[in-house]
Amino acid sequence: MTLSASPAQERAVRPKRPRHLSQAMRCETAFRLILSECLEDVATNHEAVCAGDPTALHRTRIALTRLKAAIAFYGRMVADTEWTRLKSELKWLSTYLGATRDLDVAIENSKGQPEERAFRDARAGAFDRLREALNSERYWQWFDAMWDWVGSGPWTAKQDRRAAQRRAVPVSVFHARRLARWHEKLTRKSRGLQGMGKTKRHNVRLASKRLRYAIEFSDGGLPAEDYTVWRDILKHLRKGQQILGELNDAEVRREFADGADDQQQMTVKRQAKHEKIRDRKRKSQLLRRAAAVYRKITG
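Residues numbered from 1 in each chain as written. Predicted model: local features only at pLDDT ≥ 70, side-chain atom pairs only at ≥ 80, totals over all residues. Heavy atoms only, no water.

1. A short note on the overall build of the chain
Okay, step 1: The number of helices and strands found in the chain is 10 helices and zero strands.
Okay, step 2: The secondary structure elements of the chain, listed N-terminal to C-terminal, are α-α-α-α-α-α-α-α-α-α.
Okay, step 3: The 299 residues of the chain split such that 47% are buried.
Okay, step 4: For the chain, the share of sequence-separated contacts (at least 6 apart) that also reach a separation of at least 24 residues comes to 78%. (Helix = DSSP H or I, 4+ residues; strand = E, 2+ residues; numbered from the N terminus. Buried < 20%, exposed > 50% of the residue type's maximum accessible area, 1.4 Å probe, protein only. Contact = heavy atoms within 4.5 Å.)

Quick look at the structure:
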């Protein structure tokens, strides 16, 4: 299988390697397996994303979010100047992916509503820009450089004793310590969730995603009895993430509606006037549910 590109740019997808973390595995080996899986998911969905498939787009965004979470999870072990550069390029790509995905969600949540047509028009333009980015030389250079960095980036060649120790730490030791730290951070961030503003609530959502993915990465790398505890937390994290996602989707939809042209805004605002009380009640209900879920996660 090859990725969608011009003949001169065709690149074979790397062979897919199953991810089997074990407790004794070195952290550098685990990191390579996790990142390879994320990049393989991006490669697998590339053609479908370029064809306009919303599901493939969503999967690509998840793969890249997991990739960033894994890099943050391993922290200092993989921090180097090359990742700083690649991260900047990933931010460029994520802007196009995010804009199109947000509109997909807004369309799905606006079926039969006055703003649906405006969202679809905006989505067409956003997707054209995304497709151009995904087929650009800049994208392919970033994608190949990511593979090179995972396998032989500067982080792999650091010779000082501390760097070598970080790469050699067994997964069971590092993951247990790191999961506990991330869980503690989420506990602090999520206090007072019901009274939070949009920005702080968004930060809780991001921290929840990271912890969720980190727990999923740790499957097989922790003793069974320890992972059982994290599996229970994972169940609640998925539920909490869904609730906070509903709140975020509603806010994104309102922002898009506010950006519509004058005639569309008049129609949208007339309807919004009737929906305002209902939306306020819905938000209050979602926040109460989210607070209850996060008490289970952090308790």
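The discussion continues.
2. Describing the nonpolar core
Okay, step 1: Core analysis: the biggest nonpolar cluster contains 77 residues, and Y74 and W149 have the highest contact counts within it.
Okay, step 2: In terms of residue count, the dominant contributor to this core is helix 1 (residues 27-50) (12 residues).
Okay, step 3: Every residue in contact with Y74, bar those within four places of it in the chain, is listed here: C27, A30, F31, I34, F174 and H175.
Okay, step 4: Judged by nonpolar contacts, the second largest core, of five residues, contains L103, I107, F119 and A126. (Core = buried A, V, L, I, M, F, W, Y, C linked by side-chain atoms within 4.5 Å.)

3. Things to note about the environment of R295
Okay, step 1: As for its placement among the helices and strands, R295 is situated in helix 10 (residues 262-298).
Okay, step 2: Between the C-alpha atoms of R295 and R191, which are 104 residues apart in sequence, the distance is 8.8 Å.

4. Things to note about the packing of helix 1 against helix 5 (residues 137-152)
Okay, step 1: Running from N to C, helix 1 and helix 5 cross one another at 160 degrees; their axes reach a closest spacing of 9 Å. The orientation of helix 1 with respect to helix 5, classified from their angle, is roughly antiparallel. In terms of crossing hand, the pair formed by helix 1 and helix 5 is left-handed. Between helix 1 and helix 5, the contacting residues are F31, R32, L35, S36, L39, E40, V42, A43 and H46 on the first element and Y139, W140, F143, M146, W147, W149, V150 and G151 on the second.
Okay, step 2: Its residues placed into classes, the contact of helix 1 with helix 5 shows 12 nonpolar, three polar and two charged. (Axes fitted to C-alpha atoms, helices over the stretch in contact; angles between N-to-C directions. Parallel < 35°, antiparallel > 145°, perpendicular 65-115°, else oblique. Left-handed = near helix turned anticlockwise from the far one by under 90°. Nonpolar A, V, L, I, M, F, W, Y, C, P; charged D, E, K, R; others polar.)

5. Digging into the side chain of D80
Okay, step 1: In this structure, D80 sits in the loop between helix 2 (54-74) and helix 3 (81-108).
Okay, step 2: One buried charged side chain, D80, makes no salt bridge at all; its nearest oppositely charged neighbour is K158, positioned 5.9 Å away.
Okay, step 3: At 3.2 Å, the side chain of D80 forms a polar contact with the backbone nitrogen of E82.
Okay, step 4: Setting aside its immediate chain neighbours within four residues, D80 contacts W149, G153, P154, W155 and K158. (Lys, Arg positive; Asp, Glu negative; His and termini not counted. Salt bridge = Lys/Arg side-chain N within 4 Å of Asp/Glu carboxyl O. Polar contact = N/O pair within 3.5 Å; in protein donor to acceptor, adjacent residues only side chain to side chain.)

6. Quick word on the pattern of salt bridges
Opposite charge on two side chains allows them to pair when their charged atoms are near.
Okay, step 1: Enumeration according to the criterion identifies 15 salt bridges in this entry.
Okay, step 2: For E216, the salt bridge identified is with R66, shortest N-O distance 2.9 Å. Residue E216 is found in helix 8 (residues 198-217), and its partner R66 is found in helix 2; the two are separated by 150 residues along the sequence.
Okay, step 3: Here E216 falls in the buried class, since its relative accessible area comes to 14%.
Okay, step 4: The class of R66 is buried, set by a relative accessible area of 12%.
Okay, step 5: Each of E37, R66, R212, E216 and R238 takes part in a single network of salt bridges with overlapping partners.

7. Thoughts on the environment of V293
Okay, step 1: On the secondary structure map, V293 appears in helix 10.
Okay, step 2: When the C-alpha atoms of V293 and L237 are compared, they prove to be 7.9 Å apart, with 56 residues separating the residues in sequence.
Okay, step 3: Beyond its immediate stretch of four places on either side in the chain, V293 contacts H236, K239, G240 and I243.

8. Topic: the packing of aromatic side chains
Okay, step 1: Applying the stated criterion to the full structure yields 14 aromatic pairs.
Okay, step 2: Measuring from centroid to centroid gives 5.4 Å for F31 and Y74, while their planes differ by 70 degrees, and the two rings are edge-to-face. Taken as a pair, F31 in helix 1 and Y74 in helix 2 lie far apart in primary sequence, 43 residues in all. Just as F31 is buried, Y74 falls in that class too. (Phe/Tyr/Trp six-rings, centres within 6.5 Å; stacked < 30°, edge-to-face > 60°.)

9. Points about helix 7 (residues 171-189)
Okay, step 1: Here helix 7 is 19 residues long and its end C-alpha atoms lie 26 Å apart, about the 27 Å a rise of 1.5 Å per residue gives.
Okay, step 2: Among the residues making up helix 7, those that are buried are V171, F174, H175, R178, L179, W182, H183, L186 and T187. (Expected span 1.5 Å × (residues − 1).)

10. A look at helix 4 (residues 116-134)
Okay, step 1: Between the first and last C-alpha of helix 4 there are 26 Å, a value that for 19 residues agrees with the 27 Å anticipated at 1.5 Å per step.
Okay, step 2: Listed as buried for helix 4 are E116, A118, F119, R123, A126, F127, L130, A133 and L134. Within helix 4, the buried residues cover an arc of 160 degrees as seen down the axis, which keeps them to one side. For helix 4, the exposed residues set more than 90 degrees away from the buried face come down to R117 and E132. (Arc of directions from axis to C-beta.)

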